[in-house]
Amino acid sequence: MTQPASDSSCIALRGDMLSFRGDPFVDGLEACLHYQQDALVLLRDGRIDAVGPATELQPQLPAGTPVEHYPHALITAGFVDTHVHYPQLPILGARGLPLLDWLERYTFPAEQAYADLDHTRAMARLYLTENLRNGITSAAVFCTVHPQSVDALFEIAQGLDMRLVAGKVLMDRHAPPALCDTAQSGYDDSAALIARWHGQGRLGYAITPRFAPSSTPEQLEAAGTLWREHPDCFVQSHLSENLAEIAWVRELFPDARDYLDVYDRFGLLGPRAIYAHGIHLCEREYGRCHDSDTALAHCPTSNLFLGSGLFDLTAAKRAERPVRVGLGTDLGAGTSFSMLRTMDEAGKVAQLRDAPLSPAHALYLATRGGAHALHLDDRIGSIAPGMEADLAVLDLRATPLMAARMQHVDSLDEALAVLMTLGDDRVVRATWIAGVKRHDRDHGEPVTRRIL
Ligand SMILES: [Zn+2]
């Protein structure tokens with residue numbers, strides 16, 4: 001426990017608190033789990049100032065410090081969604097098809113609508129509102145090929161002081177002409193967006209080639225050049241999602257050793273590079289992800305919906321060469337905004353892999369694991385002094401069924417299991433971003449309404 005600074009601008013949250021101090025896949029759960037019943041989390045100037053038992057900390061609070069009391073709830077770090085396409089909200093729940101058919105039939109027509117600025121702004125607003133309702137405080141977001149799809153999202157996220165990573169999709173082949181840029185225009189537009197947004201407040205820019213088949217070698221080369229020129233930016237793309245896709249990549253890039261090697265050859269692996277899916281990787285690819293510090297976004301609801309395959313979490317986290325892994329909703333191929341639903345589906349995928357995933361490990365992936373995957377775990381993803389104050393308050397009795405079920409729970413592990421089995425957006429009682437409450441399930445929040 002640390003002593004709070006004397007500052008009357010503090011606000012404190014009181015309730016049970018759960019966070020992670022490291023990677024439980026690597027260091028073991030016991031060493032990483034930080035659980036405090038009846039804790040006080042003190043926020044000041046957008047950061048966490050102190051954490052400790054309420055009985056010890058509360059008497060030391062500066063006079064007049066407001067305390068938000070959350071009984072029957074769990075205060076956790078805000079969820080981190082490491083892979084999502086906000087332009088695809090209008091095709092959520094469209095019929096599940098194999099990846100390449102799904103892109104052709106649903107994704108490309110939907111993304112063409114983002115030439116219209118009013119539609120773009122409306123979807124950006126809807127996307128961020130739903131994030132708040134689901135306790136998602138950070139995300140790595142694909143926009144469309146249109147630069148204004150990035151502007152619209154970042155404008156609102158900046159007003160919320162949200163730590164958000166996003167980028168304009170680069171795509172110069174194998175897509176409708178209305179959605180294609182060129183190697184040069186994609187480079188120029190991305191460079192302008194980096195200059196406008198990267199590092200503004202809590203925003204980060206991601207260089208975003210959609211996936212290897214939709215970019216020419218010239219465009220991938222330009223993306224690598226752009227990253228070398230702006231090495232503190234992020235890179236996001238897709239990798240090894242579907243067997244037909246992998247065969248296509250082999251045809252398009254016959255000299256590459258495997259799918260990951262395509263990106264490697266263009267200088268697109270390294271810290272702050274995150275690739276969605278990585279379902280069908282060989283041992284060399286896992287090893288190369290580890291060596292280059294490249295991360296994977298595990299998107300179970302999407303993988304099941306499109307029938308892409310079962311992510312091998314055990315292989316990815318193998319102790320001798322662990323890969324950074326976060327969870328992604330992958331909307332619109334993903335089927336839920338809720339990271340609790342996503343955790344639940346990750347558990348089912350793990351079961352089918354005959355390698356059960358503990359609820360605490362799943363929560364790690366949805367919080368600190370996602371932050372670690374984005375190389376942001378020194379700022380977000382856990383509750384500790386100095387961290388940015390992004391928090392989710394999860395109501396353990398959110399529904400009559402949950403309230404009844406929780407009466408028969410005899411361990412934290414079981415409570416988390418019930419939370420991820422029965423929980424969804426109804427569970428998220430409050431969402432705090434940079435020390436400000438931006439979502440209040442029971443009372444609404446005027447500040448949020450004004451910005452959104
Ligand atoms: Zn995706």
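Residues numbered from 1 in each chain as written. Predicted model: local features only at pLDDT ≥ 70, side-chain atom pairs only at ≥ 80, totals over all residues. Heavy atoms only, no water.

With that settled, the discussion passes to the overall build of the protein chain. Secondary structure assignment for the protein chain yields 19 helices and 16 strands. Its C-alpha atoms give the protein chain a radius of gyration of 21 Å, near enough to 22 Å, the size a compact globule of 452 residues would have. If one aligns the C-alpha atoms of the protein chain with their principal axes, the spans along those axes are about 65 × 45 × 40 Å. Relative to its 452 residues, the protein chain shows a buried fraction of 62%. In the protein chain, the share of contacts with a sequence separation of at least 24, taken over all contacts with a separation of at least 6, comes to 75%. For the protein chain, the accessible area works out to roughly 16200 Å², and carbon and sulfur atoms hold 50% of it. Measuring between centres, the 40 positive side-chain charges of the protein chain sit 2 Å from its 58 negative side-chain charges. (Helix = DSSP H or I, 4+ residues; strand = E, 2+ residues; numbered from the N terminus. Rg over C-alpha atoms; globule rule 2.2 N^0.38 Å. Buried < 20%, exposed > 50% of the residue type's maximum accessible area, 1.4 Å probe, protein only. Contact = heavy atoms within 4.5 Å. Areas by Shrake-Rupley, 256 points an atom, 1.4 Å probe, with all protein chains shown as cover. Lys, Arg positive; Asp, Glu negative; His and termini not counted. Charge placed at Lys NZ, Arg CZ, Asp CG, Glu CD.)

Here the focus is the UniProt feature "domain: Amidohydrolase-related" (unreviewed entry) in the protein chain. Within this numbering scheme, the UniProt entry marks residues 75-435 as carrying the feature "domain: Amidohydrolase-related" (unreviewed entry). The distance separating the terminal C-alpha atoms of residues 75-435 is 13 Å; by composition the span is 43% helix and 17% strand. (UniProt positions renumbered as here; feature names shortened; annotations may be inferred.)

A separate point is the side chain of Q88. The residue Q88 is located in the loop between β5 (79-85) and α4 (99-112) in this model. In this view, Q88 contacts W102, T107, E111, Y114, R210, L331, G332 and A333; residues no more than four positions away in its chain are not counted.

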